[in-house]
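Chains, contacts and geometry: an overview
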Amino acid sequence: MTNKARISEFNFIKAISAIGIVIFHYAIETGNLSLLPGNYSWGGVFVTVFFMVSGALLYYNYDEPQNIRLFYYKRWKSLLPSFYVAFLCLYIIQVIQNRNFFYSGHPATLLLTVIGQDGYLYDIIPNYYLLGEWFLGAILILYVLYPFLVKMINKSQMLTTVIISALCIISLAFNIPYLSGFRSVLSCIFSFVLGIIIEKNKLYTHKWLIIPATICFIAVNYLITNNEVNLSSHIGGISLFFILFAIGHFVYYSKTIGKFSDYLSAISYDIFLIHHVMIMQLIKFIPRTNNVLSNAVFLIVSILLILIAATIFAKIMRLLKNSTVFLSIDKWILKKANQPNNIITIK
């Protein structure tokens, strides 16, 4: 299997995860739960897949970061500038509507937004959370931990796997803020590390894994209740990862579908960033109905509008990142990192 094919299949997984999260939030916010088939915790399932593919792609691009400073800057540049711009637009609107710069509490909590943790910590510390979903904060933490995690995995994969799995399981038994439940740091690390291990060992090359993956995915629907979010999300997400990888192999036989998959993958972060805000605005114009066809049409129109907005936003951010200010920062970082004076590309 070539590197190009492997990346393409990961792109397909990212594309499906992005659309899956959009459909999940649309169904929840509109009350059209019929859009969520089966007994799955779909939001958790797609987030698990997202963490796994993030870990796999990061290991694919960085076996082990040689320059930590450059690695962290690339991660910052790939996520936070877009978040800052989108947040600033919504923040200004809120300030105008409330006629108060600090309309949502103590100004110090804006620091959580600066470090991208406002959504992740919102249930613990009320703040100015406006967009980006909780998993933006989680993925930032995972990026910070990546050099340490990958060093542990490369040194002793079995021991690291056992430790991470044990901590994840133990966390389910205790109700500790930030350390228990599906959104806990330990739960997120588990999915992320699993993605790293899958890429490190090229487990997706074992085509027979699609059989137990499919069986497990179906079993989740009948054996695990939707209330057991951790089990449903992890088992369903891990199974779906291998299923989507297998499907992705065939998707790229069609150049048209393959290009569309790559397009969705390229703007997947932009979709994650703005989709929920857009859904909350769109549902104001969507009438409540039990008509299946009408609901399907409203969903498709909403997805198309989100894709258009995400595409425009991605292009705006591309222009900003190629601006003189960003290029100057790139050059300064490269100089500090003792790297050739070339524009930093994000992988």
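Residues numbered from 1 in each chain as written. Predicted model: local features only at pLDDT ≥ 70, side-chain atom pairs only at ≥ 80, totals over all residues. Heavy atoms only, no water.

Regarding helix H10 (residues 255-266)
- For H10, spanning 12 residues, the distance from its first C-alpha to its last is 16 Å, which sits close to the expected 16 Å at 1.5 Å a residue.
- Regarding H10, the residues found buried are Gly 258, Ser 261, Leu 264 and Ser 265. Buried residues of H10 fall within an arc of 125 degrees about the axis and therefore sit on the same side. Those residues of H10 that are exposed and angled more than 90 degrees off the buried face are Lys 255, Thr 256, Lys 259 and Ala 266. (Helix = DSSP H or I, 4+ residues; strand = E, 2+ residues; numbered from the N terminus. Expected span 1.5 Å × (residues − 1). Buried < 20%, exposed > 50% of the residue type's maximum accessible area, 1.4 Å probe, protein only. Arc of directions from axis to C-beta.)

Digging into the environment of Trp 134
- As for its position among the elements, Trp 134 is in helix H5 (residues 134-155).
- Under the relative-accessibility criterion, Trp 134 is labelled buried at 8%.
- Remark: the alpha-carbon pair of Trp 134 and Val 45, spanning 89 residues in sequence, is separated by 15 Å.
- When neighbours within four sequence positions are excluded, Trp 134 is seen to be in contact with Val 47, Phe 51, Gly 119, Tyr 120, Tyr 129, Phe 182, Arg 183 and Cys 188. (Contact = heavy atoms within 4.5 Å.)

Regarding the packing of helix H3 (residues 68-98) against helix H11 (residues 268-282)
- Look at H3 against H11: their axes get within 10 Å of each other, and the N-to-C directions meet at 20 degrees. What the angle tells us is that H3 and H11 run roughly parallel. Considering the relative orientation of H3 and H11, their crossing is right-handed. Counting all contacts with H3, which are made through Ser 78, Leu 79, Ser 82, Phe 83, Ala 86 and Leu 90, the residues of H11 involved are Tyr 269, Leu 273 and Val 277.
- Residue composition of the contact of H3 with H11, by class: seven nonpolar, two polar and no charged. (Axes fitted to C-alpha atoms, helices over the stretch in contact; angles between N-to-C directions. Parallel < 35°, antiparallel > 145°, perpendicular 65-115°, else oblique. Left-handed = near helix turned anticlockwise from the far one by under 90°. Nonpolar A, V, L, I, M, F, W, Y, C, P; charged D, E, K, R; others polar.)

Re the packing of aromatic side chains
- Evaluated as defined, the whole model comprises 31 aromatic pairs.
- With centroids separated by 6.3 Å and ring planes inclined at 45 degrees, the aromatic side chains of Phe 10 and Phe 241 adopt a geometry described as tilted. With a gap of 231 residues between them, Phe 10 in helix H1 (residues 3-30) and Phe 241 in helix H9 (residues 229-251) connect regions that are remote in the sequence.
- Judged by its relative accessible area of 0%, Phe 10 falls in the buried class.
- Judged by relative accessible area, which is 0%, Phe 241 ranks as buried.
- With centroids separated by 5.8 Å and ring planes inclined at 35 degrees, the aromatic side chains of Phe 260 and Tyr 263 adopt a geometry described as tilted. (Phe/Tyr/Trp six-rings, centres within 6.5 Å; stacked < 30°, edge-to-face > 60°.)

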